Amino acid sequence: FNPGSSQSPGSSFRANDLNMRDSLSLDSPAAILTQAMAAHGSGDTETSIRLYKKVTASTYSQLPLEESDNKELIRAAIEGLQACGDGMAAITALETALNHWPGSPMFLIRAANAYENIGNFERASQHLQTITERFPDKSRYFLRLANAHAARGNWEGAEAAYARTLNISPLDPTATLYRGDV
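Residues numbered from 1 in each chain as written. Predicted model: local features only at pLDDT ≥ 70, side-chain atom pairs only at ≥ 80, totals over all residues. Heavy atoms only, no water.

Asks: Would you mind showing me how to read the packing of helix α7 (residues 139-151) against helix α8 (residues 155-168) here?
Replies: For any two helices packed against each other, the geometry comes down to the angle between their axes and how far apart the axes lie. At a minimum axis distance of 8 Å, the contact between α7 and α8 shows a crossing angle of 160°. With respect to α8, the axis of α7 lies roughly antiparallel. As for the relative orientation of α7 and α8, their crossing is left-handed in sense. On α8, the residues touching Ser-139, Phe-142, Leu-143, Leu-145, Ala-146, Asn-147, His-149 and Ala-150 of α7 are Trp-155, Gly-157, Ala-158, Ala-161, Tyr-162, Arg-164, Thr-165 and Ile-168. Looking at side-chain class alone, the contact of α7 with α8 contains ten nonpolar, five polar and one charged residues. (Axes fitted to C-alpha atoms, helices over the stretch in contact; angles between N-to-C directions. Helix = DSSP H or I, 4+ residues; strand = E, 2+ residues; numbered from the N terminus. Parallel < 35°, antiparallel > 145°, perpendicular 65-115°, else oblique. Left-handed = near helix turned anticlockwise from the far one by under 90°. Contact = heavy atoms within 4.5 Å. Nonpolar A, V, L, I, M, F, W, Y, C, P; charged D, E, K, R; others polar.)

Printed below as a string of structure tokens:
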């Protein structure tokens, strides 16, 4: 989602893209998401927030949650909540998603982003630490972790994460530059 574009939040999601076993009913999470996106597109932020929250609640009440369609519904609703300016509702939905899918990189990185956006670098660091443990060969996650540590004044943590970034990607210019500042 690009905030400066005319594209609505979750627009990469289309209800007809779902490989749904049941037909789409008007009270299904996918139909509610479509209504939320329409409300947001028409400028009705209050209604769209209420509907995005309803998408997450109704999706979590369905089983099995492991299906990728459900993750995609939750992701689109979270993006919608963020686009409507309700960052705290998005964080609540992200934390609930992480309770259901604790190791999901999609939700871990979005949670880290959401916490960084509100200046909670301690919580962002926790999510980034989890993702670096799951993906120890991805320098970009260590770089993000280093920056989050630095933002909260944890210089030892920042130095260690910058060093790990450079161990994985020795020529990473950002890690090299920032490591010199720690």
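Asks: What am I meant to see in the packing of aromatic side chains here?
Replies: Geometrically, a pair of aromatic rings is defined through the distance of the ring centres and the angle of the planes. Under the definition given, this model contains two aromatic pairs. Arranged with centres 5.5 Å apart and planes meeting at 20°, the rings of Trp-101 and Phe-107 form a pair that is stacked. Trp-101 gets classed as buried once you look at its relative accessible area, which sits at 8%. Judged by its relative accessible area of 0%, Phe-107 falls in the buried class. Aromatic pair Phe-135 and Tyr-141: ring centres 6.1 Å apart, planes at 55°, arrangement tilted. (Phe/Tyr/Trp six-rings, centres within 6.5 Å; stacked < 30°, edge-to-face > 60°. Buried < 20%, exposed > 50% of the residue type's maximum accessible area, 1.4 Å probe, protein only.)

Asks: For this particular structure, what's the right way to read the environment of Ile-109?
Replies: Assignment of secondary structure puts Ile-109 in helix α5 (residues 105-117). Judged by relative accessible area, Ile-109 falls into the buried class, the value being 17%. Taking the C-alpha atoms as reference, Ile-109 lies 7.0 Å from Leu-128; in sequence the two are 19 residues apart. With sequence-adjacent residues up to four places away left out, Ile-109 is seen in contact with Leu-128, Ile-131, Tyr-141 and Arg-144.

Asks: I would appreciate a short explanation of the side chain of Ser-58 in the present structure.
Replies: With respect to the helices and strands, the residue Ser-58 is situated in helix α2 (residues 45-60). With residues near it in sequence (within four places) discarded, Ser-58 still touches Pro-29 and Ile-32.

Asks: When you look at the pattern of salt bridges in this model, what are you seeing that I'm missing?
Replies: Two side chains of opposite charge can pair, provided their charged atoms sit close to one another. In total, this model carries six salt bridges according to the counting rule given. Notably, a salt bridge pairs Arg-110 with Glu-79, separated by 3.0 Å at the nearest N-O pair. With Arg-110 in helix α5 and Glu-79 in helix α3 (residues 68-83), this pair connects stretches of sequence that are 31 residues apart. Residue classification places Arg-110 among the partly exposed positions, given a relative accessible area of 22%. In this structure, Arg-123 and Glu-95 form a salt bridge, with 3.1 Å as the shortest nitrogen-oxygen distance. Of this pair, Arg-123 sits in helix α6 (residues 121-134) while Glu-95 is found in helix α4 (residues 87-100), placing the two residues 28 residues apart along the sequence. Note on Glu-95: relative accessible area 18%, which makes it buried. Where salt bridges share partners, they join Glu-72, Arg-75, Glu-79 and Arg-110 into one cluster. (Salt bridge = Lys/Arg side-chain N within 4 Å of Asp/Glu carboxyl O.)

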